[in-house]
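Here are the chains, one letter per residue:
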Amino acid sequence: TLDRLIKHSALFARERVTKFLKRGGPDAVLAEIDKLGDSSYTHRIYYTELARQAELSESLLTRILQRVPAEMSSDYDKATLFTMIARLPAVTESHRVQVARAVKSISSDYDQRRTLAAAMDVRPLPAGVGAAVLDATGSVSSNYDRSLVLTEVAERGGLTEATTPAFMSLVRSMSSSYDQRRVLTAVSKQDALPEAV
């Protein structure tokens, strides 16, 4: 009963991750996470401790990002974990693309928006990240949240000749004229826009 309580409540997560890292490295921690049950909160705490304590390699971060969408059901816990990961020094452009794509597994518009904002927290915005963000933004149904994501894409230089069709399609499909205006105003303020934009 005590063992079950510890595993399902995230009690002593920091100490347990330390122990498993010493025993078998990140693979041992991931194997333990597989035994934690269905609690998104518990999974988030363990993944957070793994990211803090382990020597993060590109492949380890990739594995974590591949596992999370299927393992965790809570929008809040997924968004919180993705946001934390996006701020890690070890995060690469491909990881940011993974985070953006994983947004489709989140149903909350607010949590989608804050996750996409974290994925875009780099200047200039890489083309691949911008394209992934725009693809994920199609699942953001709130006009307000979508407008904030699109505005940030424009302000971070993510609006190019290649991304314009997808971007403008997302603007056209918004039902709020106010939010459309806000996005297009942000676009018009950008310097040296390509003629196609």
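Let us look at the environment of serine 40. In this structure, serine 40 sits in helix α3 (residues 40-53). Taking the C-alpha atoms as reference points, serine 40 and glutamate 71, 31 residues apart in sequence, are found 7.6 Å from one another. Once residues lying within four places of it in the same chain are set aside, the contact partners of serine 40 are Met72, Ser73, Ser74 and Asp77. Side-chain polar atoms of serine 40 contact the backbone nitrogen of serine 73, separated by 2.9 Å.

Across the interface, α3 lies against helix α4 (residues 58-71) with an axial gap of 12 Å and an inter-helix angle of 175°. By the angle between their directions, the pair α3 and α4 is classed as roughly antiparallel. For the pair α3 and α4, contact is made by His43, Tyr47 and Leu50 and by Leu60, Ile64, Arg67, Val68 and Glu71, respectively. Across the contact of α3 with α4, the residue classes break down as five nonpolar, one polar and two charged.

Taken as a whole and assessed by the stated rule, the structure comprises zero aromatic pairs. Looking at lysine 19, its charged tip hangs above the ring of phenylalanine 20, at a distance of 5.1 Å from the centre.

Bringing the nonpolar core into the picture now. Ranked by internal contacts, the top residues of the largest apolar core, which has 34 residues, are Tyr47, Leu50, Ile85 and Leu88. The biggest single contributor to this core is helix α2 (residues 13-33), with eight residues. Setting aside its immediate chain neighbours within four residues, isoleucine 85 contacts Leu61, Ile64, Leu65 and Val91. Counting 24 residues, the second-largest nonpolar core is a separate cluster that includes Val103, Val133, Val183 and Val187.

Our next topic: unusual backbone geometry. Cis geometry is found at the peptide bond from arginine 123 to proline 124, where omega equals -10°. Position of proline 124 relative to the elements: it lies in the loop between α7 (109-119) and α8 (127-137). You will see that phenylalanine 12, though not glycine, has its phi angle at about 60°, which is positive. Topologically, phenylalanine 12 is positioned in the loop between α1 (2-9) and α2. Phi at alanine 192 takes a positive value of approximately 50°, unusual for a residue other than glycine. Along the polypeptide, alanine 192 turns up in the segment after α11 (177-188). Here alanine 192 falls in the exposed class, since its relative accessible area comes to 77%.

Next up on the list: the packing of helix α10 (residues 164-172) against α11. Orientation of α10 relative to α11, taken along the N-to-C sense of each, is 150°, at an axis distance of 9 Å. In terms of orientation, α10 lies roughly antiparallel with respect to α11. Contact with α10, carried on its side by Phe167, Met168, Val171 and Arg172, involves Gln180, Val183, Leu184 and Val187 of α11 and no other residues of that element. In the contact of α10 with α11, the residues fall into six nonpolar, one polar and one charged.

A word on the pattern of salt bridges. On inspection of all chains with the given rule, the structure shows 13 salt bridges. The partner of aspartate 77 in a salt bridge is arginine 44, with the nearest N and O atoms 2.5 Å apart. In this pair, aspartate 77 is assigned in helix α5 (residues 75-86) and arginine 44 in helix α3, connecting sequence segments 33 residues apart. One exposure class covers both aspartate 77 and arginine 44, and it is buried. With its nearest N and O atoms 2.5 Å apart, the salt bridge here joins arginine 113 to aspartate 145. Of this pair, arginine 113 sits in helix α7 while aspartate 145 sits in helix α9 (residues 143-155), placing them 32 residues apart in sequence. Take arginine 113 and aspartate 145: they sit in the same class, and that class is buried.

Conventions used here
- Residues numbered from 1 in each chain as written.
- Predicted model: local features only at pLDDT ≥ 70, side-chain atom pairs only at ≥ 80, totals over all residues.
- Heavy atoms only, no water.
- Helix = DSSP H or I, 4+ residues; strand = E, 2+ residues; numbered from the N terminus.
- Contact = heavy atoms within 4.5 Å.
- Polar contact = N/O pair within 3.5 Å; in protein donor to acceptor, adjacent residues only side chain to side chain.
- Axes fitted to C-alpha atoms, helices over the stretch in contact; angles between N-to-C directions.
- Parallel < 35°, antiparallel > 145°, perpendicular 65-115°, else oblique.
- Nonpolar A, V, L, I, M, F, W, Y, C, P; charged D, E, K, R; others polar.
- Phe/Tyr/Trp six-rings, centres within 6.5 Å; stacked < 30°, edge-to-face > 60°.
- Lys NZ or Arg CZ within 6 Å of the ring centre and 35° of its normal.
- Core = buried A, V, L, I, M, F, W, Y, C linked by side-chain atoms within 4.5 Å.
- Buried < 20%, exposed > 50% of the residue type's maximum accessible area, 1.4 Å probe, protein only.
- Salt bridge = Lys/Arg side-chain N within 4 Å of Asp/Glu carboxyl O.

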